[in-house]
Amino acid sequence: MTAVGDELPQLTVHVTRKDLVRYAGASLDFNPIHWNEPFAKEVGLPDVIAHGMLTMALAGRVVTQWVGDPGKVLEYGVRFTRPVVVPNDDKGATVELSGKVRELNEDGTARVDIVAKFEGKSVLGKAQALLRLPS
């Protein structure tokens, strides 16, 4: 039985430059801050950064894996607060993801708070999902 305060299984994801290229192709987001180091640095970034929507999608995996069916996600939203800087190596950037049940509703839904961290710092703010719990 699900209870308020239950923690979802943690997930660690490594994001590489290859992942950024794949995501750019799938999303058609070819902004040079996601692949061109000199350009990213010219506009004030420390290096190439992951797409915000990719980071959001990775964080969403915490709830979809826990609930077992992506169709049970009724709402999902985040605020982008800090970029995930992706180095040009085989290890990439490590993003640590977790979640906690914040609220259970009488209609069989649960609100889950999601945390996404890169280098120990949160990269998403107000990341929350509303899920239909399995019967």
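Residues numbered from 1 in each chain as written. Predicted model: local features only at pLDDT ≥ 70, side-chain atom pairs only at ≥ 80, totals over all residues. Heavy atoms only, no water.

Heads up, the condition is: UniProt positions are given in the numbering used here, feature names are shortened, and annotations may be inferred rather than shown by experiment.
Going by an unreviewed UniProt entry, the protein carries the name MaoC family dehydratase and comes from Kibdelosporangium philippinense. Turning to the protein, the UniProt record has this under Sequence similarities (unreviewed entry): "Belongs to the enoyl-CoA hydratase/isomerase family."

1. Regarding the UniProt feature "domain: MaoC-like" (unreviewed entry) in the protein
Test applied: Helical segments are the DSSP runs of H or I of at least four residues, strand segments are the runs of E of at least two, and each set is numbered from the N terminus.
The feature "domain: MaoC-like" (unreviewed entry), as given by UniProt, occupies residues 9-111 in the numbering adopted here. Taken end to end, residues 9-111 is 32% helix and 29% strand, and its first and last C-alpha atoms sit 16 Å apart.

2. Some words on the pattern of salt bridges
Worth spelling out the cut-off: Salt bridges are defined as contacts in which a side-chain nitrogen from Lys or Arg sits within 4 Å of a carboxyl oxygen from Asp or Glu. Exposed residues in this analysis have more than 50% of their type's maximum accessible area, buried residues have under 20%, and partly exposed residues fall in between, with area computed by a 1.4 Å probe over protein chains only.
What the rule picks out here adds up to six salt bridges. With a shortest N-O distance of 3.0 Å, Glu37 and Arg17 are connected by a salt bridge. Residue Glu37 is located in helix α2 (residues 37-42), and its partner Arg17 is located in helix α1 (residues 17-27); the two are separated by 20 residues in the primary sequence. Judged by relative accessible area, which is 14%, Arg17 ranks as buried. The partner of Asp113 in a salt bridge is Arg102, and the shortest N-O contact between them spans 3.5 Å. Of this pair, Asp113 sits in strand β4 (residues 109-118) while Arg102 sits in strand β3 (residues 93-104), placing them eleven residues apart in sequence. Relative accessible area serves as the criterion here: at 38%, Arg102 is assigned to the partly exposed category. When salt bridges with common partners are traced through the structure, they connect Arg17, Glu37 and Asp47 into a single cluster.

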